[in-house]
Amino acid sequence: MSLHERPAAAPVGEAIPHESAALHVTGHALYTDDLGVRLQNLLHAWPVGSPHAHARVTGLDTQGALALPGVVRVLTAADVPGVNDAGVKGDEPLFPTEAMYHGHPVAWVLADSEDAARLGAAAVQVTYEPLPSVITVREAIAAGAFQGAQSTLARGDVAVGFEQAAHVFTGEFDIGGQEHFYLETNAALAHVDEAGQVFIQSSTQHPTETQEITAHVLGLPSSAVTVQCLRMGGGFGGKEMQPHGYAAVAALGATLTGRPVRLRLNRTLDMTQTGKRHPFHAVWKAGFDADGRFTALEVTLTSDGGWSLDLSEPVMARALCHLDNAYFIPHVHARGRIARTNKTSQTAFRGFGGPQGMLVTEDILGRVAPLLGLDAHELRRRNFYQPGEATPYGQPVRHAERMHDLWAQLLERSDFRQRQAEVAAFNAAHPYRKRGLSVTPVKFGISFNFTAYNQAGALVHVYKDGSVLINHGGTEMGQGLHTKMMQVAATALGVPLSSVRLAPTRTDKVPNTSATAASSGADLNGGAVKDACDQIRANLAAVAAGTLGVHPDDVRFEAGRVFPLGHPERGLDWKALVHDAYHLRTQLWAAGFYRTPGLHWDRVAMQGEPFKYFSYGASVTEVEVDGFTGAYRVRRADLLHDVGDSLSPLIDLGQVEGGYVQGLGWLTLEELRWDESDGPNRGRLQTQSASTYKLPSFSELPGQFNVGLLERATETGVVYGSKAVGEPPLMLAISAREALREACAAFGPPGRTTPLNSPATPEAVYWALDAARAARPQEVPGD
Ligand code: MTE
Ligand code: MOS
């Protein structure tokens, strides 16, 4: 059987709850920080944060802190035996001599209690020489403050494209960032064994990199450092790189004191110190022919990378690779550059730049549709990729027809046309309240652009009693990866799901892992788990073939029974077979490996086939806006998303729902504000808690929420025909933003463009609708 084929009656595809659902909802699930209280002699770490956005550290006096009861040690640069850097680019000193953003930790205090550590941190005397700071992306552009590589994605000749255009538009667009707000803040717990081996529990999406960075900070080989991630209370990309420094601080403290060290950020510290979704600035020029088809697009994207690079370059690459979204644009010239600002180091966040890239083009289409005299949904559909066309980076758009089918199905299911008429009638009857209805597509490339990351490993053990224990390189952050991996193993071995257990992710079980990211966790680790299981099954088939008197190829494994093809009644029990196989000295465990075939990417030329396939989706959202305040409600959302043949439909529905709501938060509610004044708090994050940073919650859920998975969508070449699901649904929320634009536009005369800021907070919506309203002579009030 090939990778995508499923046996009959397989545990994959069963709609089962998350493996830890009961633990999550009862509070029994353990997280990194819960493990600390079980240790003797635990030390607690607290940072000494810079009160300046940018300043040279001219002095650091720890005397006052060390004199306090309970304070054990203050960690500074002088303590680092290896490399004083917590990043992969060499631009993130763990103990800096120059504070690069407001709150930047310059030292860490270790104490017997968290309170003592906190008091100790306040007693460390640091002297600073303040330096000029850059806070906004526009300031950075004006100052020419950039970092990392600048990249260009180009196809054709935009000059020719603009010549062919019947209409040319230009514009500018600012896109806000987003705080991850995972429920579990960053946490690490480290201790050292008798041989000096370091063991770190970390809430990390990338245990291998946490291991490598801790090792280089400590001056140890990777083999002396083990990182375990039990589970995360959410990562959303925020724990791809940010956890490393915290793990390194805890590990350094543990090696220096011989005591276990716990480091957990509280919410304010986490929001103050850790990177967020990149804010983006875009300047664009777009050409369309007389039918509304793109002829050319020229864009400069500037992301706000914050104080250091971390993942800003690959985030920009993904943004550039998703500018096209679902649309064929013949001539493209897109430039990407990364601003350096004195803010947190912006990082991965669900979609990894893809959402920002797509939003630029969706914003263009939403703005220009009325100027082209087209309904926005018609303008979008006209520009869809046709089968046989390729992206600007040269990758053929496989299954382009799926987008067309999915779109048609969704319009049908959501009664789109009828509701358009209803919305128009409502708007005609209500001068002070308007509704908007919008539909937008998603096409998202799956795989890491960085080809080497597209590999994974697994370790599968079958014990003598027939029970199964699996380990794989991916981490669990709530997305249900472990649930899926158990389903994959049970399917591949032909045993009931109840015989499979899963052990926490550890770098000493599966080495050299990639971050669990790019939505590829299930594709990659699923391939590796299946490979390990296939090896074990082949060993067992050889034994069974002898017992059953058939060729090994004709042995079937299903639901704990092993039998000759076509003769389920003649079989034997899995447990009995395993028992026999052990006594015949058969290897009952295996290491599995998977590498995604067929990928190549030229990072400099921005050309190649970086993605194994595209994930498709579309959404219809209806909103209602109040003309006095700009307040709005999402009345209804209909989502249809392509997950291939789902490995685990309940999990996937949850991912689609959660992705949409998180996207809704980014686009409509969540607004990061930094102090941009010249006052003493310049650079300080003003929205550093749940009271000032508005997150979506139950009350913001769409009144009606219809979520569907595309049917008969087998993806060949991926484990059991499935597709990745983690990130793409976030971008389904773009239809909510576009619906808000439509509603704002309805306050004014037709045929005009309606710019809308992002996030489209009630305030932004108010200004947009007020501008639309101002374009029309004052009406006589109706009802
Ligand atoms: N879902 C939950 N519940 N929690 C998370 O932190 N992270 C998202 C997505 N879904 C996340 C989530 C992100 S950013 C990614 S890349 C994928 O899950 C990672 O997991 P996967 O590769 O197994 O899909
Ligand atoms: Mo997800 S942003 O790739 O961790």
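This structure is a prediction, so every number in the text was calculated from the model and none was measured.

**Overview of the pattern of salt bridges**
Reasoning step 1: What the rule picks out here adds up to 45 salt bridges.
Reasoning step 2: Note that Arg293 and Asp291 form a salt bridge whose closest N and O atoms lie 3.8 Å from each other.
Reasoning step 3: We classify Arg293 as partly exposed; its relative accessible area is 37%.
Reasoning step 4: For Asp291, a relative accessible area of 41% gives the class partly exposed.
Reasoning step 5: A salt bridge links Arg419 to Glu622; the shortest N-O distance between them is 2.9 Å. Of the two residues, Arg419 sits in helix α14 (residues 416-429) while Glu622 sits in strand β27 (residues 613-626), which places them 203 residues apart along the sequence. Neither Arg419 nor Glu622 differs from the other in exposure class; each is buried.
Reasoning step 6: Salt bridges linked by common partners bring Arg419, Arg433, Arg435, Glu622, Glu624, Arg633, Arg635, Arg636 and Asp638 together as one network.

**Some thoughts on the side chain of Thr475**
Reasoning step 1: Structurally, Thr475 is set in the loop between β18 (468-472) and α15 (481-493).
Reasoning step 2: On the basis of relative accessibility, which here comes to 0%, the residue Thr475 falls in the buried class.
Reasoning step 3: Excluding residues that lie within four positions of it along the chain, Thr475 makes contacts with Thr204, Gln205, Pro207, Cys229, Met232, Leu481, His482, Thr505 and Thr516.

**Describing the sheet that holds strand β12 (residues 261-264)**
Reasoning step 1: Spatially, the eight strands line up as an open sheet ordered β3-β5-β1-β12-β9-β10-β11-β20, and their pairing is mixed. In this open sheet, the two edge strands, each paired with only one partner strand, are β3 (71-75) and β20 (505-506).
Reasoning step 2: With five bridges connecting them, strand β9 (residues 187-192) and strand β10 (residues 198-202) associate as antiparallel partners. Across the sheet, the residue bridging to Val192 is Val198, located in β10.
Reasoning step 3: Contacts between helix α4 (residues 114-123) and the sheet are confined to β1 (43-49), β3, β5 (105-111) and β12, with β1 contributing the most and set at about 25° to the helix.
Reasoning step 4: Against the sheet, helix α8 (residues 243-257) contacts β1, β3, β5, β9, β10 and β12, and its axis sits at roughly 30° relative to β9.

**Remarks on the packing of aromatic side chains**
Reasoning step 1: Scanning all chains against the criterion turns up 16 aromatic pairs.
Reasoning step 2: Both rings, one in Phe328 and one in Tyr385, keep their centres 6.2 Å apart while their planes meet at 65°; by these two values the pair is edge-to-face. Taken together, the positions of Phe328 in the loop between α10 (312-321) and β15 (331-339) and Tyr385 in the loop between α12 (376-382) and α13 (400-413) put the pair 57 residues apart, joining distant regions of the chain.
Reasoning step 3: Looking at Tyr385, the relative accessible area reads 2%, which means it is buried.
Reasoning step 4: In textbook terms, an aromatic cluster arises when at least three aromatic residues are bridged by ring pairs, as seen for Tyr393, Trp601, Phe611 and Phe614.
Reasoning step 5: Cation over ring: Lys285 sits above Phe162, and NZ or CZ is 4.3 Å from the ring centre.
Reasoning step 6: One residue, Arg435, lies across the ring of Phe426, its end atom 3.7 Å from the ring centre.

**Considerations on the site of ligand 1**
Reasoning step 1: Around ligand 1, a shell composed of 17 residues is seen, among which Gly235, Phe236, Met477, Gly521 and Gln655 lie nearest.
Reasoning step 2: The contact in question runs from an oxygen atom of ligand 1 to an N or O atom on the backbone of Phe236, over 2.9 Å.
Reasoning step 3: Gln479 has a polar side-chain atom sitting 3.1 Å from an oxygen atom of ligand 1.

**Some thoughts on the packing of α15 against helix α16 (residues 521-548)**
Reasoning step 1: At a minimum axis separation of 9 Å, α15 and α16 run at an interaxial angle of 30°. One way to sum up the angle between α15 and α16 is to call them roughly parallel. For the pair α15 and α16, the sense of crossing is right-handed. Contacts between α15 and α16 pair Leu481, Lys484, Met485, Val488, Ala489, Ala492 and Leu493 from the former with Gly521, Ala522, Asn525, Gly526, Val529, Lys530, Cys533, Asp534, Ile536 and Arg537 from the latter.

**Side note on helix α19 (residues 734-745)**
Reasoning step 1: Here α19 spans 17 Å end to end across twelve residues, near enough to the 16 Å set by a 1.5 Å rise per residue.
Reasoning step 2: Regarding α19, the residues found buried are Ile734, Ser735, Ala736, Arg737, Glu738, Ala739, Leu740, Arg741, Ala743 and Cys744.

**Observations regarding unusual backbone geometry**
Reasoning step 1: The linkage connecting Ser758 with the following residue, Pro759, adopts the cis geometry, with an omega of 5°.
Reasoning step 2: Phi angles above zero are rare outside glycine, and Asn512 is one such case at about 55°.
Reasoning step 3: Positioned with a positive phi, Arg712 is a non-glycine residue whose angle comes to about 45°.
Reasoning step 4: If you trace the backbone, Arg712 turns up in the loop between β29 (704-709) and α19.

What counts, and where the lines are drawn
- Residues numbered from 1 in each chain as written.
- Chains lettered and ligands numbered in written order.
- Predicted model: local features only at pLDDT ≥ 70, side-chain atom pairs only at ≥ 80, totals over all residues.
- Heavy atoms only, no water.
- Salt bridge = Lys/Arg side-chain N within 4 Å of Asp/Glu carboxyl O.
- Buried < 20%, exposed > 50% of the residue type's maximum accessible area, 1.4 Å probe, protein only.
- Helix = DSSP H or I, 4+ residues; strand = E, 2+ residues; numbered from the N terminus.
- Contact = heavy atoms within 4.5 Å.
- Pairing = 2+ DSSP bridges.
- Axes fitted to C-alpha atoms, helices over the stretch in contact; angles between N-to-C directions.
- Phe/Tyr/Trp six-rings, centres within 6.5 Å; stacked < 30°, edge-to-face > 60°.
- Lys NZ or Arg CZ within 6 Å of the ring centre and 35° of its normal.
- Near = heavy atom within 4 Å.
- Polar contact = N/O pair within 3.5 Å; in protein donor to acceptor, adjacent residues only side chain to side chain.
- Parallel < 35°, antiparallel > 145°, perpendicular 65-115°, else oblique.
- Left-handed = near helix turned anticlockwise from the far one by under 90°.
- Expected span 1.5 Å × (residues − 1).

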